[in-house]
Amino acid sequence: HVSVKSGEPQGEQITFELPSGNRTRSDLVTETPAANLKVRESKNGPSARLSPGQKEMKETTEKGGEVIPRGKKAEKAGLTPGKPTRIEEFEEDRY
């Protein structure tokens with residue numbers, strides 16, 4: 001994948017296919033200091049909740065499962081659409 005400075009966005013609004021076959025769109029994909037992939041979801045307000053797809057992405061990440069990047073935004077972010085990949089971290093940014 002593309003090498004970027006840690007924490008800087010590799011891409012925004014990237015679609016991933018989940019193990020269930022459902023899809024979710026992640027707000028940001030960044031790289032950790034260890035060069036692993038991290039998904040960040042922005043939530044605004046105290047009542048903002050993760051969507052079902054975002055919850056599945058979080059659970060898949062925590063279990064070490066793979067997701068499949070889809071579309072041109074994934075490709076622009078340095079991911080290979082259609083090739084299963086592992087997201088190492090999931091983070092919620094609350095505002």
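Residues numbered from 1 in each chain as written. Predicted model: local features only at pLDDT ≥ 70, side-chain atom pairs only at ≥ 80, totals over all residues. Heavy atoms only, no water.

### Points about the confidence of the model for the protein
This is how the line gets drawn: Residue-level confidence of the predictor, termed pLDDT, takes values from 0 up to 100. Should any heavy atoms of two residues lie within 4.5 Å, those residues are considered in contact.
Per-chain confidence: the protein averages 90 in pLDDT, with 92% of residues scoring 70 or above. Of the regions scoring below 50 in pLDDT, residues 1-5 engages in 12 contacts with residues more than four places distant in sequence or in other chains.

### Quick look at the side chain of D93
In plain terms, the rule: Working definition: helices are DSSP H or I runs of at least four residues, strands are E runs of at least two. Numbering for both runs from the N terminus. Whenever a nitrogen or oxygen atom comes within 3.5 Å of another N or O atom, the pair is scored as a polar contact, on the condition that within protein one atom can donate a hydrogen and the other can accept it, and that pairs from neighbouring residues in sequence are kept only if both atoms are in side chains.
Within the secondary structure, D93 is located in strand β6 (residues 89-94). Within the local environment of D93, its side chain forms a polar contact with the side chain of R40, the two groups lying 2.9 Å apart. The residues touching D93, leaving out its near neighbours within four places in the chain, are R40, E41, S42 and K43.

### Notes on the nonpolar core
The condition is simple: Buried Ala, Val, Leu, Ile, Met, Phe, Trp, Tyr and Cys residues form a nonpolar core when they are joined through side-chain atoms within 4.5 Å. Relative accessibility decides the category of a residue: with a 1.4 Å probe and only protein chains considered, values under 20% of the type maximum give buried, values over 50% give exposed, and everything between is partly exposed.
Of all hydrophobic cores here, the largest spans 14 residues; its most connected members are I14, F16, V39, M57 and I87. At the level of secondary structure, the elements contributing two or more residues to this core comprise β1 (9-17) and β3 (37-43). Apart from residues lying up to four places away in sequence, V39 is in contact with F16, S26, L28, V29, M57, I87, E89, F90 and E91.

### A word on the environment of E41
Within the secondary structure layout, E41 lies in strand β3. E41 gets classed as buried once you look at its relative accessible area, which sits at 0%. Counting along the chain gives 50 residues from E41 to E91, while the straight-line C-alpha distance between them is 6.3 Å. Each residue touching E41, except ones within four places of it in the same chain, is listed here: R25, S26, D27, L50, Q54, F90, E91, E92 and D93. At 3.5 Å, the side chain of E41 forms a polar contact with the side chain of S26.

### A short note on the sheet that holds strand β5 (residues 85-86)
Strands in a sheet are paired, the pairing made by backbone hydrogen bonds, and the direction either parallel or antiparallel. The condition that has to hold: Here, any two strands with at least 2 DSSP bridges between them count as paired. A fitted line through C-alpha atoms serves as each axis, taken over the contacting stretch for helices, and the angle formed by two N-to-C directions is quoted from 0 to 180°.
Strand order in this open sheet of 6 strands is β5-β4-β1-β2-β3-β6, and the pairing throughout is mixed. Either end of the sheet is taken by a strand with one partner, and the two such strands are β5 and β6. Pairing between strand β4 (residues 66-70) and β5: 2 bridges, direction antiparallel. Counterpart to V67 in the pairing with β5 is T85. The strands touched by helix α1 (residues 52-63) are β1, β2 (23-31), β3, β4 and β6; relative to β6, the strand with the most contacts, the crossing angle is about 135°.

### Considerations on the environment of Q54
Among the secondary structure elements, Q54 is positioned in helix α1. On a C-alpha basis, the gap between Q54 and N22 in space is 11 Å, while along the polypeptide they are 32 residues apart. Residues in contact with Q54, not counting those within four places in the same chain, are T24, R25, E41, K43, R49 and F90. One polar contact links Q54 to K43, side chain to side chain, over a distance of 3.0 Å.

### So, α1
Counted only if it meets this: How far a helix is expected to stretch is found by multiplying one less than its residue total by 1.5 Å. By construction, the arc corresponds to the directions joining the helix axis to the C-beta atoms.
Taking 1.5 Å as the rise per residue, α1 with 12 residues should run 16 Å; its terminal C-alpha atoms sit 17 Å apart, in good agreement. Within the span of α1, buried status applies to G53, Q54, E56, M57, T60 and T61. The arc that holds the buried residues of α1, viewed along the axis, is 160°, so those residues lie on one side. Residues P52, E62 and K63 are exposed on α1 and point more than 90 degrees away from its buried face. Lining the buried residues of α1 we find β1, β2, β3, β4 and β6. G64 sits one or two residues past α1 and shows a positive phi near 80°.

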